[in-house]
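Read off the chains here:
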Amino acid sequence: MTTELTVLAWGCILALVHVFAAVRVKTRQYGTQWNMGARDEELPPPEPIVGRLARAQANFFETFPVAAAAILIVSIADLETRWTALGAIIWLGARILYLPIYAAGIPKIRTLIFLVSVIGILMILWPALF
């Protein structure tokens, strides 16, 4: 399996980490009954960590489909290079760093890490576009 596809598989694992991290802190605040219920009731405002992890999760799921599509495009078209592999690794590494940095509430570094992940996606896409 190519590096790009391996990174995509790990990206799927990271997606699950995002889901479970966000729901874990939300359940800690609102309780197991809320988690196992219909979740129809009005809730008090979330604690800052709950909001941060929910936003980090939303951000991940806004960009994950783009990264997945880029990886699949270069894989299907047999356009993998050392640069697309490096781009995939950069994307995954940045996304792994993004979650704890966002959870810690570090805004400027978080934005830089996000931009690095976008550069990784562009590195993957480059051979398909030019």
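Residues numbered from 1 in each chain as written. Predicted model: local features only at pLDDT ≥ 70, side-chain atom pairs only at ≥ 80, totals over all residues. Heavy atoms only, no water.

**Some remarks on a nonpolar patch on the surface**
Stage number 1. Nonpolar side chains collect at one region of the surface, where Trp10, Ile13, Leu16, Val17, Val19, Phe20 and Phe61 lie side by side and expose about 670 Å² of accessible area between them.
Stage number 2. In terms of residue count, helix H1 (residues 3-30) provides more of the nonpolar patch than any other element does, six residues in total.
Stage number 3. Summarising the element assignment, Val17 is placed in helix H1.
Stage number 4. The exposure class assigned to Val17 is partly exposed, which follows from its relative accessible area of 39%. (Patch = residues over 30% accessible without salt bridge, like charges linked within 9 Å, V, L, I, M, F, W, Y side chains within 5 Å. Areas by Shrake-Rupley, 256 points an atom, 1.4 Å probe, with all protein chains shown as cover. Salt bridge = Lys/Arg side-chain N within 4 Å of Asp/Glu carboxyl O. Helix = DSSP H or I, 4+ residues; strand = E, 2+ residues; numbered from the N terminus. Buried < 20%, exposed > 50% of the residue type's maximum accessible area, 1.4 Å probe, protein only.)

**Considering the nonpolar core**
Note on soluble globular proteins: their nonpolar side chains tend to be buried together.
Stage number 1. Counting 17 residues, the largest nonpolar core has Val7, Phe60, Ile71, Trp91, Ile121 and Ile124 as the members making the most contacts within it.
Stage number 2. Secondary structure elements with two or more residues in this core: H1, helix H3 (48-76), helix H4 (82-103) and helix H5 (107-129).
Stage number 3. If sequence neighbours within four positions are ignored, Ile124 has contacts with Ala70, Ile71, Val74, Thr84, Gly87 and Ala88.
Stage number 4. Ranked by size, the runner-up nonpolar core spans twelve residues in total, among them Val50, Ala94, Tyr98 and Leu99. (Core = buried A, V, L, I, M, F, W, Y, C linked by side-chain atoms within 4.5 Å. Contact = heavy atoms within 4.5 Å.)

**Some details on the packing of aromatic side chains**
Stage number 1. Enumeration over the complete set of coordinates arrives at seven aromatic pairs.
Stage number 2. Here Phe60 and Phe64 contribute two aromatic rings whose centre-to-centre distance is 5.2 Å and whose plane-to-plane angle is 20°, an arrangement assigned as stacked. Of the two residues, Phe60 and Phe64 are both situated in helix H3; the distance of four residues between them amounts to about one turn of the helix.
Stage number 3. Phe64 gets classed as buried once you look at its relative accessible area, which sits at 12%.
Stage number 4. By way of ring pairs, the aromatic residues Phe60, Phe61, Phe64 and Trp91 are connected into one cluster.
Stage number 5. The side chain of Arg39 reaches across the aromatic face of Trp34, ending 4.4 Å from its centre. (Phe/Tyr/Trp six-rings, centres within 6.5 Å; stacked < 30°, edge-to-face > 60°. Lys NZ or Arg CZ within 6 Å of the ring centre and 35° of its normal.)

**So, the confidence of the model for the chain**
Stage number 1. Of the residues in the chain, 100% reach a pLDDT of 70 or more, and the chain-wide mean stands at 96.
Stage number 2. Taking the mean pLDDT of every element in the chain, the minimum, 90, falls on helix H2 (residues 32-36) and the maximum, 98, on H4. (pLDDT = per-residue confidence, 0-100.)

**Details of the layout of surface pockets**
Stage number 1. Here the largest pocket defines a volume of roughly 170 Å³.
Stage number 2. What lines the largest pocket is Val19, Ala22, Val23, Lys26, Tyr30, Trp34, Arg39, Pro46, Val50, Gly51, Ala54 and Gln57.
Stage number 3. Sorting the residues of the lining of the largest pocket by element identifies H1 and H3 as the ones contributing at least two each.
Stage number 4. With five residues, the single largest contributor to the lining of the largest pocket is H1.
Stage number 5. Per-class residue counts for the lining of the largest pocket are eight nonpolar, two polar and two charged. (1 Å grid on protein atoms, 1.4 Å probe; cavity = no way out; pocket = protein on both sides within 12 Å on 5 of 7 lines; lining within 4 Å. Points joined across faces, edges and corners; volume = space filled by probe spheres on them. Nonpolar A, V, L, I, M, F, W, Y, C, P; charged D, E, K, R; others polar.)

**Things to note about the environment of Cys12**
Stage number 1. Relative to the helices and strands, Cys12 resides in helix H1.
Stage number 2. Among the residues examined, Cys12 registers a relative accessible area of 38% and is labelled partly exposed.
Stage number 3. For the pair Cys12 and Pro44, spaced 32 residues apart in sequence, the C-alpha to C-alpha distance is 31 Å.

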